[in-house]
Amino acid sequence: MEFYYRLHKFCQLESRKWLIFVGAVAIAHLLFQPLLFPYGYAVRTLLPTARDPVFDESRMIGTGQSSIKSGVARNALAVDASSELKIGLFAQNETKSDGAGDVSHVSEVKGHGGDTENGAELAVDRDVVDDDDDEDDVRLENIVDGNEVTQEKDSVLELPSEAKKGLPPVQDVTSKTSEAPAALSNNSAGVSNPVKKKIKAEMPPTSITTFDEMNQLLARNHRSSRAMRPRWSSERDREILDARWQIENAPAVVNDPDLYAPLFRNVSQFKRSYELMEHTLKVYIYKDGKKPIFHLPIMKGLYASEGWFMKLMQGSKQFVVKDPRKAHLFYMPFSSRMLEYTLYVRNSHNRTNLRQHLKEYSEKIAAKYPFWNRTGGADHFLVACHDWAPYETRHHMEHCIKALCNADVTVGFKLGRDVSLPETYVRAARNPLRDLGGKPPSQRNILAFYAGGMHGYLRPILVKQWKDKDPNMKIFGPMPAGVASKMNYIQHMKRSKYCICPKGYEVNSPRVVEAIFYECVPVIISDNFIPPLFEVFNWKAFSIILPEKDIPNLKEILVSIPAKRYMDLQLGVRKVQRHFLWHGRPLKYDLFHMTLHSIWYNRVYQIKPR
């Protein structure tokens, strides 16, 4: 009683009432600050000493801040002590060597994947159903198929031509995944409705953004950024703002020998921006994250774009810095393909654990370093080519710059911030330029060519409309298996004037870059698809973009193109080709530099001064 009497007497004093009130507010702020600022690092970053921290990664490792427990359940494909060997076997599933030394993508997914030709993907739209519903029916029994592969070399997934003996047998995925925890395969809270989603994948979009509307949206988003204003200023921000002023006031470029002006929206601004990127941009690569999901690039196959960028970015002495305080951008080096391969539970129709894995990763770097919370992640970027990447990075990485192959303006892709990543199908990691080029225009005697799997709703319409209807329209479904058939496919692209690039399950297709590779004018038929590197290139200078409703009039449209216009398009394709090529040692204006430039360029136009 005496305690309560003294407490009541203490609270009656006016000054003490205010003291108690302030103390209660402070305690409430500490308890609920994760709701006020992202990921619990807010209080430390608000302190003056935290605004320009002395970075000591060794000090942070092992602290409570660097250890966030993972709640992600892993299936039978999860990495163990022999993970790197298994990843080497996985590369065989991505690409299979034939007798001619060529490498073609093995169709590994039941009902999904592949435009199959010669037992391999034809122009390779998908090797999994990258729709929001379909399972990844990974078949490890097809990985080796009588051929052994070497272990990982230099942390790169590639398949050398020499076979090595003595590899252990590959585990059967079907039997293993059936033993996965029921919580993953029967999680009613996270399981999507496959029937409903399948209908969605096989129906046209409910809304369409035209090409002209995309241009207007890009211009509007560059004029008015929605990015978070930095919570405190930095010298790096001022350098980017100065770069923006220089880009907008770039001197006119006339007859530059290195740049073909019609390819670009504004060749003068592009050149100045590229020069500033070369002299200014610094990137910090997070070392957090374990292989195979992080730091292990896939160098060939359908998802090679994310692997080549990762490998070349990690090896760049020009752009990469070890001190994150000197960085303008922060790279999160994960492979969306390996995320799916490692964590997705077959037949579960549930990708929640994939998204959760990246969520915990972003929470970890936000808690361990001060840089994420300064901008809300707006100066962080990722490069991902798997069709599930938009879903996997939703919400927790929403403010980052996302370089995505699945660039659908209706499913979260932000024009002016995100980058449409070219989807390149690399057949040989050691020689990504094999078979480059095609016939000159005078020897291209096929008006239009398409061959591939019947994915989604659009391709069956195309094939039904034009297959065997006109000798000048070489429109096929899946081509038969065999090396000869695959080479026939390549020769068709090399001899065609126009290569038809229809969407599959998703809006993107590797045929777009493949057509450029073989110097064939791409005809893109995919509503709401944002063409690669859209903020830089004028796609009308080297491609034809048609709405899906124009498929019945396809030949009429192509025939009506004047010969002069076709020759300009063909020249544009040959000129732009260099910008879509990977090189073991990056060259100026190649695909590595063009991708990095688009990330830099969008950051320049998204940053807000403090």
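Coordinates for the structure precede this section.
This one's a predicted model, so the numbers in the text were calculated from it and none came from an experiment. Counting starts from 1 at the beginning of each chain's written sequence and moves along it residue by residue. Where totals are concerned, whole chains, interfaces and linings use all residues; where local detail is concerned, this predicted model gives features only for residues with pLDDT of at least 70, and gives and counts side-chain atom pairs only at 80 or more. Side-chain metrics rest on all non-hydrogen atoms present in the structure, leaving aside hydrogens and water.

### Quick notes on the overall build of the protein chain
Short version of the rule: Helix and strand labels come from DSSP, where a helix needs a run of H or I of at least four residues and a strand needs a run of E of at least two; each type is numbered from the N terminus. A simple rule labels every residue: compare its accessible area, found with a 1.4 Å probe on the protein chains alone, to the largest value its type can have, and call it buried under 20%, exposed over 50%, or partly exposed in between. The criterion used for residue contact is that any of the two residues' heavy atoms lie within 4.5 Å. For accessible areas, the Shrake-Rupley method is used with a probe of radius 1.4 Å. Any residue's cover is judged against the shown protein chains and nothing else.
Per the secondary structure count, the protein chain includes 23 helices and 14 strands. Out of the 610 residues belonging to the protein chain, those deemed buried represent 56%. Of all intrachain contacts in the protein chain linking residues separated by at least 6 positions in sequence, the fraction that spans at least 24 positions is 75%. When the accessible surface of the protein chain is totalled, it reaches about 26000 Å², and 55% of it is carbon and sulfur.

### Some details on the packing of helix 11 (residues 235-248) against helix 23 (residues 591-606)
Going by this rule: Only the contacting stretch of a helix is used when fitting its axis, a line to C-alpha atoms as for every element, and angles between N-to-C directions run 0 to 180 degrees. Angular relationships are summarised with four words: roughly parallel below 35 degrees, roughly antiparallel beyond 145, roughly perpendicular across 65 to 115, and oblique for the angles in between. Think of it as three bins: nonpolar holds Ala, Val, Leu, Ile, Met, Phe, Trp, Tyr, Cys and Pro, charged holds Asp, Glu, Lys and Arg, and polar takes everything else, Gly as well.
Between helix 11 and helix 23, the least distance of the axes is 9 Å, while the angle of their chain directions is 100°. Relative to helix 23, the element helix 11 lies roughly perpendicular. In this structure, helix 11 contributes Asp237, Ile240, Ala243, Arg244, Ile247 and Glu248 to the contact, and helix 23 contributes Trp600, Tyr601, Arg603, Val604 and Tyr605. Taken together, the residues of the contact of helix 11 with helix 23 sort by class into 7 nonpolar, no polar and 4 charged.

### With respect to the state of the cysteines
Worth spelling out the cut-off: Pairs of cysteine sulfur atoms within 2.5 Å are what we label disulfides.
Tallied over the entire structure, the rule returns 2 disulfides. Across the disulfide from Cys385 sits Cys405; the S-S distance is 2.0 Å. Judged by the sign of its S-S torsion, about -90°, the cystine formed by Cys385 and Cys405 is left-handed. In this pair, Cys385 sits in the loop between strand 7 (380-384) and helix 17 (389-392) while Cys405 sits in the loop between strand 8 (401-404) and strand 9 (419-420), placing the two residues 20 residues apart along the sequence. Cys405 carries the same exposure label as Cys385, and that label is buried. The side chain of Cys499 participates in a disulfide bridge whose partner is Cys520; the two sulfur atoms lie 2.2 Å from each other. Where Cys499 bonds to Cys520 through sulfur, the torsion about that S-S bond is close to 115°, and the disulfide is right-handed. Within this pair, whereas Cys499 is found in strand 12 (residues 496-502), its partner Cys520 is found in the loop between helix 20 (511-517) and strand 13 (521-525), the two being separated by 21 residues in sequence.

### Comments concerning the pattern of salt bridges
The line we're drawing: In what follows, salt bridge is the name for a side-chain nitrogen of Lys or Arg lying within 4 Å of a carboxyl oxygen of Asp or Glu.
Counted under the stated rule, the structure contains 19 salt bridges. Here Lys549 ties to Asp550 by a salt bridge, and the two come within 3.6 Å at their closest N and O atoms. Taken together, the shared-partner salt bridges connect Asp237, Arg374 and Asp379 into one network.

### Here's the deal with helix 10 (residues 211-223)
To keep it simple, the criterion reads: Here, expected helix span is obtained from the residue count minus one, scaled by 1.5 Å. Taken from the helix axis, the directions to the C-beta atoms give the arc we talk about.
In this model, helix 10 (13 residues) spans 19 Å end to end at C-alpha, consistent with the 18 Å of a helix rising 1.5 Å per residue. Those residues of helix 10 lying buried are Phe211, Met214, Leu218, Asn221 and His222. The buried residues of helix 10 occupy an angular sector of 100° when the element is viewed end-on, so they sit on one face. Summarising the geometry of helix 10, the exposed residues directed more than 90 degrees from the buried face are Gln216 and Arg223. Elements that come into contact with the buried residues of helix 10 comprise helix 11, strand 14 (544-546) and helix 23.

### Quick look at the packing of aromatic side chains
Short version of the rule: Any two of the Phe, Tyr and Trp rings considered here, Trp counted by its six-membered ring, make a pair once their centres fall within 6.5 Å; the pair's planes then place it as stacked at under 30 degrees, edge-to-face at over 60, or tilted in between. A positively charged side chain is recorded as over a ring if its NZ (Lys) or CZ (Arg) lies within 6 Å of the ring centre. The angle to the ring normal must also be within 35 degrees.
Applying the stated criterion across every chain, the model contains 29 aromatic pairs. Centre to centre, the rings of Phe294 and Tyr361 are 4.4 Å apart; their planes meet at 35°, and the pair counts as tilted. Taken together, the residues Phe294 in the loop between strand 5 (283-285) and helix 13 (304-314) and Tyr361 in helix 15 (residues 352-368) connect sequence positions 67 residues apart. Phe294 sits in the buried class, given a relative accessible area of 2%. Owing to a relative accessible area of 5%, Tyr361 belongs among the buried residues under this scheme. Here the aromatic residues Phe264, Phe270, Tyr274, Phe537, Trp539, Phe542, Phe580 and Tyr589 are joined through ring pairs into a cluster of three or more. Residue placement shows Lys497 over the ring face of Tyr566; its charged tip is 5.8 Å from the ring centre.

### Observations concerning the sheet that holds strand 12
We apply this condition: Pairing between two strands is assigned when DSSP locates at least 2 bridges connecting them.
As summarised here, the arrangement of the 5 strands in space is 11-10-12-13-14, forming an open sheet in which the pairing is parallel. Unpaired on one side and paired on the other, strand 11 (473-475) and strand 14 mark the two borders of the sheet. Along the sheet, successive strands turn relative to each other by an average axial angle of 20°, direction set aside. Looking at chain direction, strand 10 (residues 446-450) and strand 12 are connected through 3 bridges and run parallel. Considered in strand 12, the bridge of Ile446 is made with Ser496. Sitting on the sheet, helix 22 (residues 563-576) is in contact with strand 12, strand 13 and strand 14, with an inclination near 95° to strand 13.

### Some remarks on the pairing of strand 10
We count it as follows: Look down the strands so they point away from you; if going from the first strand over the helix to the second traces a clockwise path, that crossover is right-handed.
When you tally the buried positions in strand 10, you get 5 out of 5 residues, the bulk of the element. Note on the crossover from strand 10 through helix 18 (residues 458-466) to strand 11: the handedness is right-handed.

### So, unusual backbone geometry
In this structure, the amide linkage connecting Lys291 to the following residue, Pro292, adopts the cis form with an omega of 5°. At Tyr589, a position not held by glycine, the phi torsion is positive, near 70°. Summarising the element assignment, Tyr589 is placed in the loop between helix 22 and helix 23.

### Looking at the sheet that holds strand 8
Read from one edge to the other, the open sheet built from 5 strands follows the order 5-6-7-8-9, with strand pairing classed as parallel. Both edges of this open sheet fall to strand 5 and strand 9, since each of them pairs with a single strand only. As paired strands, strand 6 (residues 329-331) and strand 7 are joined by 2 bridges and run parallel to one another. Across the sheet, residue Tyr331 finds its bridge partner in strand 7, namely Phe381.

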